[in-house]
Amino acid sequence: MSSRTAFNSRISFYLVAIGSACGLGNIWRFPYVVGENGGGAFLLLYVFISFTLGISLLVAELILGQTHGSSFLKIMKDISLQQKKPFHWVARLSLTMSLVILAYYSVIAGWVIHYITRFITVLLESQSADQVRRVGEINLSALFSNGWLQFALASVHLVICYFIVLRNITERFETFFTKILPIFVVLVLLLLIRSLSLESSPDALRFLFYPDFSKLNLTSLGRAIGHVLYTLSLGMGIMVTFGSYFKKEENLPSLGFRVTIIDTVVSLVAVLIVFPILFLNQSSQLISEPGILFDSLPSLFSKIKYGLFFGLVFFISLWLVALNASIVLIETLMSNINEKLKINNRHVSGTLVALAALALALFPAFSSTTLQQVKIFNRSFIENLDSILINYFLPFSALLFIVGFFKAETKSEMRAQFVSQRGKNSQAMFTHWVSLLYWFAPGLIILALVMQFINLIRYFFN
Ligand code: PHE
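Along each chain, residue indices are assigned from 1 in the same order as the chain's sequence is written. In view of the model being predicted, local features appear only for residues whose pLDDT reaches at least 70, and side-chain atom pairs are presented and counted only at 80 or more, with totals across whole chains, interfaces and linings using the full set of residues. Only hydrogens and water are removed before side-chain values are computed, so all heavy atoms of the structure are retained for them.

(A) Molecular detail of the site of the ligand. A cutoff of 4 Å decides nearness: a residue is near a molecule or strand if any of its heavy atoms lies inside that distance of it. Around the ligand, 14 residues are found, and the nearest of them are Ser20, Ala21, Gly25, Tyr105 and Tyr230. In protein, a polar contact requires one atom able to donate a hydrogen and another able to accept it; more generally it is a pair of N or O atoms within 3.5 Å, and residues adjacent in sequence count only if both atoms are side-chain atoms. Between the ligand and Thr231, the relevant distance is 3.0 Å, taken from a nitrogen atom to a main-chain nitrogen or oxygen of the residue. Surface burial for the ligand is 100%, taken as the share of its 320 Å² of free accessible area covered by protein chains. By definition, any uninterrupted DSSP run of H or I lasting at least four residues is a helix, any uninterrupted run of E lasting at least two residues is a strand, and each is numbered from the N terminus. Taken together, the elements giving at least two residues each to the shell around the ligand come down to helix H1 (10–21), helix H2 (24–36), helix H11 (220–231) and helix H15 (307–341). Tallying contributions element by element places H2 first for the shell around the ligand, with 3 residues. Areas reported as accessible are Shrake-Rupley estimates using a 1.4 Å probe. Residue values count occlusion only from the protein chains shown.

(B) Quick peek at the packing of H11 against helix H19 (residues 426–461). Here an angle of 0 to 180 degrees is reported between the N-to-C directions of two axes, which are lines fitted to C-alpha atoms, with helices fitted over the stretch in contact. Packing of H11 against H19 leaves a shortest axis separation of 8 Å and a crossing angle of 125°. Judged on the interaxial angle alone, H19 and H11 are oblique. Along this stretch, H11 crosses H19, giving a crossing that reads as left-handed. Listed contacts from H19 to Leu221, Gly222, Arg223 and Ile225 of H11 are Leu444, Ile445, Leu447, Ala448, Met451 and Gln452. Residue composition of the contact of H11 with H19, by class: 7 nonpolar, 2 polar and 1 charged. An angle counts as roughly parallel when it lies under 35 degrees, as roughly antiparallel when it exceeds 145, as roughly perpendicular when it falls between 65 and 115, and as oblique in every other case. Should the near helix be turned anticlockwise from the far one by less than a right angle, the crossing is left-handed, and should it be turned clockwise, the crossing is right-handed. In this analysis, two residues are considered to be in contact whenever any of their non-hydrogen atoms come within 4.5 Å of each other. When residues are grouped by polarity, Ala, Val, Leu, Ile, Met, Phe, Trp, Tyr, Cys and Pro land in nonpolar, Asp, Glu, Lys and Arg in charged, and all others, Gly among them, in polar.

(C) A look at the side chain of Ser296. Topologically, Ser296 is positioned in helix H14 (residues 292–301). Of the polar contacts made by the side chain of Ser296, one reaches the backbone oxygen of Leu293; its length is 3.4 Å. Apart from residues no more than four positions distant in its own chain, Ser296 is found in contact with Val274, Ile277 and Leu278.

(D) Highlighting the nonpolar core. Side-chain atoms within 4.5 Å link the members of a nonpolar core, which is a set of buried Ala, Val, Leu, Ile, Met, Phe, Trp, Tyr and Cys residues. Residue exposure (1.4 Å probe, protein chains only): buried if accessible area is under 20% of the type maximum, exposed if over 50%, otherwise partly exposed. Phe294, Phe301, Phe314, Phe315, Phe401 and Trp433 are the most contacted members of the largest nonpolar core, which has 155 residues in total. Counting residues per element, this core draws most heavily on helix H5 (residues 88–125), at 21 residues. Excluding anything up to four places from it in sequence, Phe314 contacts Ile27, Phe184, Leu187, Val188, Leu191, Leu297 and Phe301.

(E) Seen up close, the pattern of salt bridges. Between Lys or Arg on one side and Asp or Glu on the other, a salt bridge is scored when a side-chain nitrogen of the former is within 4 Å of a carboxyl oxygen of the latter. For the structure shown, the criterion picks out 5 salt bridges. Of the charged contacts, one joins Arg29 and Asp386 as a salt bridge, the two residues approaching to 2.7 Å between their closest N and O atoms. Here Asp386 lies in helix H17 (residues 381–408) and Arg29 lies in helix H2, a separation of 357 residues in the sequence. The pair formed by Arg29 and Asp386 is uniform in burial state, with each residue classed as buried. Across the salt bridge formed by Asp78 and Lys74, the nearest N and O atoms sit 3.3 Å from each other. Remark: Lys74 and Asp78 occur in helix H4 (residues 72–83); sequence separation between them is 4 residues, near one turn of the helix. Using a relative accessible area of 38% as the deciding quantity, one classes Lys74 as partly exposed.

(F) Here's a closer look at unusual backbone geometry. A positive phi angle, near 55°, is found at Lys84, a position not held by glycine. If you trace the backbone, Lys84 turns up in the loop between H4 and H5. You can call Lys84 exposed: its relative accessible area is 72%. Here the phi dihedral of Ser233 falls at roughly 55°; this positive angle occurs in a residue that is not glycine. Tracing the chain through its elements places Ser233 in the loop between H11 and helix H12 (238–244).

Any functional reading would require information that these geometric values do not contain.
Now the structure itself:
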């Protein structure tokens, strides 16, 4: 993305948008959030929020970027000057969050790298008869007892991102990535079939699709909104930056709609793979922990033919997905820094981003060792960091974004961007979209934040 005309083909936009949306959030985070929030009812809430709040915000971010054609920081600064209100803080908050997210995203990507090395070790070291058993035994314990190892792996991940970004091979990487993607899709479908054929799958399907609304509580709405924002990469100025690279005549609503559908399908597939395995092992206490993906998959791989090979390819592909999402985060941060510092030096901005992320990654990396004592709500440091950022800050920043959006865009500008020549229904959809964004989305976010705060207060006074 070297100039603001980079998205000259629709395909490349799709790839980048889908690449940034589909990541560890869908495959690692979603299963544990669904487990934590009781399954079916939460899943329904999540899908509903994706297709109302999520999609309308996604389109708004793209439109804001496209109308102004500059970085999020600059757009918000212009609005601040115009309105004489501190809107530039919205952009600052969003970008700081993307930096923190990049840092702990790298730690989780480091877990994936660890699994890749474990699978390779088993492949090289053991006889085929023994391999199956050893695959089944791969777990997170070596990592969780070693903070430096987690930090080292996160650093490896960040350094690789840094080189891809600095050597200006992001586009080449994206081309490579798209070649890998079909392999990943086929593999995941095979895993899905295998997982659904386990004898535990009826129980898992009941858990996932039978909505038991009594399982929802004061925090469920906030959890669902937070995850939708995270998984669609919203509330961080990322889609604004994309929008600014985009050609005017594109049909943004339909792009947003497709990205949301694909992202939701990927998340659903992830839970359909993970839950039958969890129910097989009766390890229900694990259901709500961040490690569930990592704990459950080896047991599936040890049950299928060529499981070792499957496992290896799966984790390599997962890492590539994480790499792509991290690169998007770095590119967005860099493009904002370059515009802010009025430099066009990728080395300076890239190094600043990488170093800051590296320093911040120390905290989540030591979450299970040195910071083990830092437990609030009976949760580890990394879980609390994830929860505070995604369930509180992200919705809050999305709320501020909506306020800024309606200050920055006139109705006719919005209409001009939203209604396209090709999308016949977009005229009719326009009013719905505006009301969703103006009334529904802020109302729902405020409600979710208030309910989460009530829950916090109840926790502290009990
Ligand atoms: N949406 C990504 C995911 O689901 C996370 C992410 C957020 C990636 C922001 C890039 C930017 O994993």
